[in-house]
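Now for the letters of each chain:
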Amino acid sequence: MNTTPFFLDAKPVSYLIGEQALDSSYRLVEKYPRYVLLVDDNTREHCLPVFREHLPELLSADVICIESGEQKKNLDQALFIWNELTRLNVDRDALMVNLGGGVLTDIGGFVAATYKRGIDFANVPTTLLGMVDASIGGKTGIDFGKFKNQVGLFVDPVAVIIDPVFLKTLEEKHWQSGFAEVLKYGLIMDRELWQWLYGKDYHEIDFWDKIIVRAARDKIDIVRHDFEEKGVRKNLNFGHTVGHAFESFFLKNNRPITHGQAIAAGMICEAYISEKLTDLECSHKEEIVEMIDKNFSRLSVTEEDVPMLFDLMRQDKKVREGKLRFSLLKRLGKAVHDKEVGTDVVLESLEFYMHDRSRL
Ligand SMILES: NC(=O)c1ccc[n+]([C@@H]2O[C@H](COP(=O)([O-])OP(=O)(O)OC[C@H]3O[C@@H](n4cnc5c(N)ncnc54)[C@H](O)[C@@H]3O)[C@@H](O)[C@H]2O)c1
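Residues numbered from 1 in each chain as written. Predicted model: local features only at pLDDT ≥ 70, side-chain atom pairs only at ≥ 80, totals over all residues.

Attention now moves to the overall build of the protein. Broken down by element type, the protein carries 14 helices and twelve strands. Expected size for 360 residues packed as a compact globule is a radius of gyration near 21 Å; at 20 Å, the protein falls within 12% of this value. C-alpha atoms of the protein, sized along the principal axes, occupy 60 × 45 × 35 Å. Here the protein holds 360 residues, and 47% of them are scored as buried. Taking the intrachain contacts of the protein between residues at least 6 apart in sequence as the baseline, contacts between residues at least 24 apart amount to 75%. (Helix = DSSP H or I, 4+ residues; strand = E, 2+ residues; numbered from the N terminus. Rg over C-alpha atoms; globule rule 2.2 N^0.38 Å. Buried ≥ 20, exposed ≤ 12 C-beta atoms within 10 Å, placed from the backbone. Contact = placed C-beta atoms within 7 Å.)

Structure representation (structure tokens):
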């Protein structure tokens, strides 16, 4: 089928999104005399051949390959890339192309932005989460010590090229993970998107191209209005205050879960809190819970785990002056941010998550 990808020139970033985006993307990056491609062990195997087939103009690019996985989003790996760039005599006029999921675009953007005081980079995301979220918005960085994204900077790529062609080889759990973020856009800002998805199991969905274009545009819209996360961008954190606590909790207990599983659980808790504090209708909360339960199993947590979950929440970046601040829903498709929430309501939401299993 011949489709035209969505193009947006949102200076300083050019976006090309949708089926066949890769085939017409050279014009976005043609001015560079030299290219360096950053891949990881999985994207080298599954995505690099596809990339080369659709963008043969970059066949001569040098390739740097890193190890995959969140545990590798660290300083050692950043050092490795800086060393490789130095060994290859890469100069400031080169373009670094980050071909991979969120881990790779986060570390790749960070390294590019700091190498020789910054070289240009482009993101070509290859996971659903990367396509609808991580590759867009200029947050780059690495994990440091015990903390995720502890070191990094806001810096935009020159281009983001999003082509669903890469998703054919994506593992099941990473589809599910990206789906949580897609649902989130529906809930915080795009009721129509929510309506496209409501009632569906993500396995049944056959219109991913349309969903990806829509969700990516939602994110672009937010970050164009609030690049530095001073206001409306905070709405993207819906589900993430409790969600990050779940994510860290399972990581600490050597039972890592995906980001999406954590956020899905966080959205159930925060939908509950929204009903209590920001007037989300009960029927809407139930719709959210039903949809998440259709697509995600409940995480196994018990009363004994609650103190640790609270501790982890207090360490979250969204805590100010000791008070927990949440992005919550006013209604389906409308979020509000910086809402202070008492620990009693957070506790109730965890109880709700653990015990309201009537419909499971
Ligand atoms: N910068 C941001 O705004 C932002 C937003 C959300 C998430 N993130 C970050 O994104 C990261 C998570 O990203 P992710 O979920 O994409 O995980 P990921 O980058 O670890 O990718 C998941 C796995 O899939 C493999 N893979 C990637 N594309 C593939 C393909 N097409 N076929 C087969 N395998 C493929 C990867 O090698 C990896 O093993 C986290 O570090 C998170 O902090 C950043």
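Moving on, there is more to tell.
Glancing now at the nonpolar core. Judged by nonpolar contacts, the single largest core of 104 residues is most densely connected at Val36, Leu38, Met96, Val97, Ile161, Ile212 and Ala216. Taken together, domain 1 (6–169) and domain 2 (172–355) each give at least three residues to this core, which thus spans both. Apart from the residues lying within four places of it in its own chain, the contact partners of Leu38 are Ile64, Ile66, Ile81, Met96, Val97, Asn98, Leu99, Leu104 and Gly108. (Core = buried A, V, L, I, M, F, W, Y, C linked by C-beta atoms within 7 Å. Domains from an automatic or database assignment.)

What surrounds the ligand is a group of 31 residues, the closest being Asn42, Ser68, Gly101, Gly102 and Thr127. Of all the secondary-structure elements, those providing two or more residues to the shell around the ligand are helix H2 (41–46), helix H5 (102–114), helix H6 (128–134), strand S8 (147–154) and helix H7 (172–189). Mapped onto the domain boundaries, the shell around the ligand takes at least three residues apiece from domain 1 (6–169) and domain 2 (172–355). (Near = placed C-beta within 6 Å.)

All right, on to the sheet that holds strand S5 (residues 95–100) then. Ordered by their spatial adjacency, seven strands build an open sheet running S1-S2-S9-S6-S5-S3-S4, and the pairing between neighbours is mixed. Sheet topology places strand S1 (6–10) and strand S4 (62–66) at the edges, where each strand pairs with a single neighbour. Within the sheet, the average angular offset between the axes of one strand and its neighbour, ignoring direction, is 15 degrees. Bridging between strand S3 (residues 35–40) and S5 involves four bridges; their strand directions are parallel. Residue pairing for S5: Val36 is matched across the bridge by Met96. Against the sheet, H5 engages S3, S5 and strand S6 (120–125), with an angle of about 165 degrees to S5. (Pairing = 2+ DSSP bridges. Axes fitted to C-alpha atoms, helices over the stretch in contact; angles between N-to-C directions.)

Next up on the list: unusual backbone geometry. Backbone torsion omega between Lys11 and Pro12 reads 10 degrees, so that peptide bond is classified as cis. Structurally, Pro12 is set in the loop between S1 and strand S2 (13–17). Positive phi, close to 55 degrees, is recorded for Asn89, a residue that is not glycine. Within the element layout of this structure, Asn89 appears in the loop between helix H4 (75–87) and S5. Phi at Asn149 is positive, roughly 50 degrees, even though this residue is not glycine. Assignment of secondary structure puts Asn149 in strand S8.

Note: strand S11 (residues 323–331) against strand S12 (residues 334–341), six bridges, orientation antiparallel. Residue Leu324 lies in a different strand from S12, and its bridge partner there is Val341. Between S11 and the antiparallel strand that follows it, S12, lie two residues; Gly333 among them carries a positive phi value of about 90 degrees.

Attention now goes to the packing of H4 against H5. H5 packs onto H4 with a crossing angle of 50 degrees between their chain directions and a minimal axis gap of 10 Å. The pairing of H4 with H5 is recorded here as oblique in orientation. Note that H4 runs across H5; the crossing there is right-handed. Each of Gln77, Ala78, Ile81 and Trp82 in H4 lies in contact with H5, whose residues at this interface are Ile107, Phe110 and Val111. Classifying every residue of the contact of H4 with H5 gives six nonpolar, one polar and no charged. (Parallel < 35°, antiparallel > 145°, perpendicular 65-115°, else oblique. Left-handed = near helix turned anticlockwise from the far one by under 90°. Nonpolar A, V, L, I, M, F, W, Y, C, P; charged D, E, K, R; others polar.)

Further remarks concern H7. Compared with the 26 Å implied by 1.5 Å per residue over 18 residues, the 26 Å span of H7 between its first and last C-alpha is a close match. Within H7, 15 of the 18 residues are buried, leaving the element largely enclosed by the surrounding structure. (Expected span 1.5 Å × (residues − 1).)

The next point concerns the domain arrangement of the protein. How big an interface is tends to be expressed through the accessible area that disappears when the partners come together. When cut into domains, the protein gives domain 1 (6–169) and domain 2 (172–355). In this assembly, 20 residues from domain 1 lie in contact with 21 residues from domain 2. Those elements that place two or more of their residues in the side of domain 1 that touches domain 2 are S1, S2 and H6. Top element by residues in the side of domain 1 that touches domain 2 is H6. It accounts for five residues. Split by residue class, the side of domain 1 that touches domain 2 holds 14 nonpolar, four polar and two charged.

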